[in-house]
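# Residue-level structure breakdown
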Amino acid sequence: MEETSIIISGFGGQGTLFAGQVLAYAALDNGQNVTWIPSYGPEMRGGTAHCTVMISDDEIGSPLVRNPDVSLVLNLPSLDKYEKLTKPGGALVANSSLVNRGLERDDLEHLYIPANEIAEEIGLARMANMVMLGGMLRLAPVLPLEVIKQALAAHIPERHRRTLPMNFEAMEQGYAFAERTLTKAAA
Amino acid sequence: MAKELLKGNEAFAEAAIRAGCEGFYGYPITPSTEFLEYMAKRMPQLGRAFVQAESEVAAINMVYGGACTGKRVMTASSSPGVSLMMEGISYIAGTEVPAVIVNVMRGGPGLGNIAPSQGDYHQMVKGGGHGDYFPIVLAPASVQEAIDYISLAFDLADKYRNIVHVIVDGNMGQMMEPAELPPMRELPKDPPSWAVTGAEGRQPNFLSSIYIDPADEEVTNIRLVKRWMEIEKNEIRYSEYLMEDAEFAVIGFGTAGRVASSAIRAAREEGVKVGLFRPITLAPFPKKQIEEISKRVKRILVVEMNTGMMLDDVAAIVQGRVPVEFYGRLGGMTPFPDEILDEIRRVADNKAPINGDARAEWISRLEKIVEEGR
C-alpha cells in the first residue's frame, strides 16, 4: 500500500493551508484517498499555521502523522520543527527567502527555493506557496503537476480567479527551479 | 452523486439539512463554529429556521420548543457549550420529544482549549443531565460516517422520541475528506400525532416534563427504561477491522479508533495478529460483541483520548476473562499511530498479568512520554 504524508508549514497568511487543499483536491481528482487537516489553534492568527495531507491508494486511518514523508517549510520556525521530524530518507523543501541556515541532517532529500523572490518577480508575493508546491512536486512527485493545476483551476476561490495564470506561472517556475537545482546537483 | 472533498463541520450541517432538519438553534464555539455558520447561510435559503441564540441555554430551549412542534430540530456545540445545555437536554428527555445534538468535543475540563478530545464520554454516554434518562450516542470516525450517522440520528430520534447525541472531536470537525452527501429528503407532510401544532379540529396535546405526583413520574420512568431496552435490542452498531483471526483486540471509538487502525496495519506487517473493534453506538454499547471478543482474544487494549472512560465500560463487560490494558492521550492531544503501535507491541509481548490497575500503569508510561516531550 502506498501512503504519503505531507506537512506544509509556515506563518499564518502564507497560504500553507490552501496549498494543502490544492494537493488534497488533486489527490481526489486523481482517484486516490486523501485527508487534509489543519492546525486550527489560536496560533492561526499571526503565528505558525500548518496542515497535514495524507494521500493513499487505501483507506486512510490516522489523518495525523508524527514523522511526515515530505515537509514543505515556508519559514524558519517551521524548518526548526520539521527538519527534526521528517522521516529518515524523506524529503524537505525549504523557502530559502525566509530560512537562513542549511540542514543539520544529511539523510533527507532536500531543496531550497527562494519562493518569495520568485513570486515577487511574477508579480504577487502571495504566490510563494504555489512556487513551493511546484518545487515539491519535482523533488517528491506525489502527484503530476498537470493534475495539481487542474485542481487549482477547479477550486480557486472566485475572488482570486483572475490570479489563476499567475498561480500556474508560480507553480511552473517553482518546478523549473527545482529541476535546474536538482540537475545541477546530480551533475 | 460523486465524492467531493468536504470539510467536516460543513458536511455534517448539510447532512442534517438533507435529513430534513427544519430548525437549527445554536451559539458559536470552536471547534464546531463552522457548523453554525453553514446553517446560518443555508437554512434561510431553504425557508427553514435558523436562530443564533443569546446563549447555549437559550439555544437548547429553542430546540426543546421546536421539537415539541414535531419538526426535526437540532443544535451543534462543543464541550463547554454542551455543558451549558444539560438542563434543557434533560427537559427534552423528560418530555419525550426527539432532538439531535452534535458535540464537537474539545480539551477540558473547564474552559480547557479548542484541541480535539474525547473527554466528554461520561457526560454524553451516561446522560449528563439530571434524572433517569438514556440518550442514544453515535460516535462516527470519518466525514462520510458522520454524514451517514447524522441522517440516522434524526431517524432514531423520531422513531423512539429520544435524544440522539452525535459526538465527534475537533479533528473531525476541522478535517477535509472525500465523502458523498445523500440526496435531499422530502419533508413529511403531516406532523406526528403527539406534536403541539395549534389543535385545530382536534383535542389539544400536552407536552411537559413535569410529573408532580411521584407515582406518575415512576410510570414515565418505566416507559423510558422500557424504551431504552428496546433501543438496546435494535440499535447496536459497530465496525470491525481485521478481527477475524485477531489474537489481540484494540477497542477505540471515533478518532482514537481510526488512528489505531493505522497502528494495527503496521503491527500486522510485523506479524502481530491484532484487530480493531470500533463501537459506533456508544449508547447502546455493544456489550455482547465485546463479551464475545473477550472469549477469543488474549488481551484487549482500549485506546481513547481521555483518561479511560470507556475502559471502565469494557472492563465491566470483560469481567477479568482477559487482561484489559489502556492507552490514552489527554487535554486535547491526539495520539499518533506510532504510540499506539508501541502499545500493541507491548501488549502482544507481555505474557505476564498486569500488576494492578490498567489506568495506573498507563499513567506511569504516559508521564514518561510527556517528559520526553512526545
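Residues numbered from 1 in each chain as written. Chains lettered and ligands numbered in written order. Predicted model: local features only at pLDDT ≥ 70, side-chain atom pairs only at ≥ 80, totals over all residues.

## A look at the domain arrangement of chain B
Residues and elements named next belong to chain B. According to the domain assignment, chain B contains domain 1 (4-234) and domain 2 (238-371). Facing the 28 residues of domain 1 at the interface are 21 residues of domain 2. Elements with a contribution of two residues or more to the side of domain 1 that touches domain 2: α5 (121-125), β6 (136-138), β7 (163-169), α7 (170-174) and α8 (214-234). Looking at side-chain class alone, the side of domain 1 that touches domain 2 contains 16 nonpolar, nine polar and three charged residues. (Domains from an automatic or database assignment. Contact = placed C-beta atoms within 7 Å. Helix = DSSP H or I, 4+ residues; strand = E, 2+ residues; numbered from the N terminus. Nonpolar A, V, L, I, M, F, W, Y, C, P; charged D, E, K, R; others polar.)

## Quick word on the interface of chain A and chain B
Across the contact, 18 residues belong to chain A and 20 residues belong to chain B. Among the elements of the structure, α1 (16-29) and β2 (33-38) of chain A are those that each provide at least two residues to the side of chain A that touches chain B. By residue number, the principal contributor to the side of chain A that touches chain B is β2(A), which donates six residues.

## A few points about the environment of B:Gly308
For B:Gly308, the location among the structural elements is in the loop between β13 (299-304) and α11 (309-318). Along the sequence, B:Gly308 and B:Gln118 sit 190 residues apart, while their C-alpha atoms lie 9.8 Å from each other.

## Details of the sheet that holds β7(B)
In any sheet, the strands associate via hydrogen bonds between backbone groups, in a parallel or an antiparallel arrangement. Residue and element names in this part refer to chain B. Across the sheet, which stays open at both edges, the seven strands sit in the order β3-β2-β4-β5-β7-β6-β12 with mixed pairing between neighbours. Edge positions in the sheet fall to β3 (49-52) and β12 (281-283), since each has one partner strand and no second. Strand after strand, the sheet turns through a mean of 20° between neighbouring axes, direction not considered. With two bridges connecting them, β6 and β12 associate as antiparallel partners. Paired with valine 137 across the bridge in β12 is alanine 283. Sheet strands touched by helix α2 (residues 33-45): β2 (23-26), β3, β4 (73-77) and β5 (99-105). Its angle to β3, the strand with the most contacts, is close to 140°. (Pairing = 2+ DSSP bridges. Axes fitted to C-alpha atoms, helices over the stretch in contact; angles between N-to-C directions.)

## Let's talk about the sheet that holds strand β10 (residues 248-251) of chain B
All names here are of chain B. Here we have five strands laid out as an open sheet, ordered β9-β11-β10-β13-β14, and mixed in their pairing. At either margin of the open sheet sits one strand with a lone partner, and together these are β9 (238-241) and β14 (324-328). Sheet twist, expressed as the average angle between the axes of neighbouring strands with direction ignored, equals 20°. Here four bridges tie β10 to strand β11 (residues 274-279), and the two strands are oriented parallel to one another. Looking across to β11, one finds that alanine 249 is bridged to glycine 275. Each of β10, β13 and β14 is contacted by α11, which is oriented at about 155° to β13, the strand it contacts most.

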